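Residue-level structural notes
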Amino acid sequence: MHLTAAEIFPRLDEKIPAHRFERVASAIDGLFNRTLTYLEDGSPFIITGDIPAMWLRDSTWQVRPLLHSSHPDVVELLIALSKTQVRLFLIDPYANAFNPTPSGDCWHKDFKDQSPWVFERKYELDSWASILFLARMITEKYGRTDHINEEFHKALNLMIELARIEQNHDSSTYIFKRENGVAHDSLSHNGHGAPIAYTGMVYSAFRPSDDACVYGYLIPSNLFFMNELANLSENLKTQKTRKLVEEISNGVKEFGVADGALAYEVDGLGNQLFIDDANVPSLLSLPYLGCSTIEDPLYKATRFSILSEKNPYFYSGIKAQGIGSQHTPPRHVWPIAIAIEAITQNQTEVKKSALELLESNDAGTGFMHESFHVDDEKIFTRPWFSWADMTYVQLVLDSVGY
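So, a few notes on the structure that sits alongside this text. All figures in this text were calculated on a predicted structure; none of them were measured in a lab.

1. A closer look at the pattern of salt bridges
Taken as a whole and judged by the stated rule, the model has 29 salt bridges. E120 serves as the salt-bridge partner of R178, at 3.1 Å between the closest nitrogen and oxygen. Taken together, the residues R178 in the loop between α6 (150-166) and α7 (188-191) and E120 in strand β5 (residues 118-120) connect sequence positions 58 residues apart. Relative accessible area serves as the criterion here: at 5%, R178 is assigned to the buried category. A relative accessible area of 2% means that E120 is categorised as buried.

2. Quick look at the packing of aromatic side chains
Here the structure, examined in full by the defined rule, presents 18 aromatic pairs. Ring geometry for W128 and F225: centres 6.0 Å apart, planes at 70 degrees, overall edge-to-face. Remark: F225 occurs in helix α8 (residues 219-230) and W128 occurs in helix α5 (residues 125-142); sequence separation between them is 97 residues. Taken individually, W128 and F225 each receive the classification buried, so the pair is uniform in this respect. An aromatic cluster of at least three residues, connected via ring pairs, comprises F89, Y94, F111, Y123, W128, Y174, F176, F206 and F225. The ring centre of W384 lies 3.7 Å from the NZ or CZ of R34, which sits over that ring. It is R121 that lies over the ring of F111; its NZ or CZ is 4.4 Å from the centre.

Cut-off values and rules
Residues numbered from 1 in each chain as written. Predicted model: local features only at pLDDT ≥ 70, side-chain atom pairs only at ≥ 80, totals over all residues. Heavy atoms only, no water. Salt bridge = Lys/Arg side-chain N within 4 Å of Asp/Glu carboxyl O. Helix = DSSP H or I, 4+ residues; strand = E, 2+ residues; numbered from the N terminus. Buried < 20%, exposed > 50% of the residue type's maximum accessible area, 1.4 Å probe, protein only. Phe/Tyr/Trp six-rings, centres within 6.5 Å; stacked < 30°, edge-to-face > 60°. Lys NZ or Arg CZ within 6 Å of the ring centre and 35° of its normal.

Structure, rendered in structure tokens:
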């Protein structure tokens, strides 16, 4: 499939400067001609960029801007991609990333019985929510339901079944210990994770950064998953899903809030971690996910805190300021977080300023990077990271109300 930005976003070039449209065109070209590949049966498979594997989460955010398009080929691609996500999930619901063939390629073979389709088997609750988000948005935007097939029903039921288990993680068989000497690449306590108590929330072993959670209840991922369950169409809702939504909601309220702001992670034993990470879902991104409004007092207080030195991953320097991640070196901010910060507020000039900042800090490459140093944009991680490019496109569209 070869579609141009002009075909996907008609008349967008009339709404934004020429240099900005060129960047959008470049990002779209990268998505369709570099990241988009196909499985043997013709199903779409979207690699993350310079790593030749498909992350369930990343693939949703890579195509998120395409939901602004009504081009029939785009609609069919989104429907087919949703089906691919479901099929991969059913291969291994605890995996976060997959191969385009059963090649056995992987970062590390962390499990003896690991499927050759699995590139990495880190259990991340937001992977499940990202599948539901894309499926829901296709139906809401286009009125299409042909992706809500038998496999989707099977996947949804499995998510609910496993979520029930992970509400009581001590009964789970999921253990993750990687022998590479990197602490945040494994769960603590010999791969079992730190002790937790029941809260009603669902355990997540890893963050959307692919780094291990300190405390097992990851608030933004729980809110994201809860929101997707709450917004299932009525024919998909069951008593189990309604009860799960209620239990997660109560758990967040009881254990996830202190001094009027949301924690990032909690354990139900009294420990709370007040940080935010650049990767979506984040606390910053909650309105972007539909989990909150921009004006919600709890969100406003949380936002004020995480966009300050109270957040150890908030950095400010000569070239930029914003949120980084444990996943990247200190004093590196993520273009994804800069874009999300601008998207989750209402001032058009702030959005345009964020675009200008991103455009001037790409080290002359024409691409958004995973992260860059706040004092020197030429120091960056990952030369090709499609999720960052497409979040830039999302901000462009948002800046002109497209």
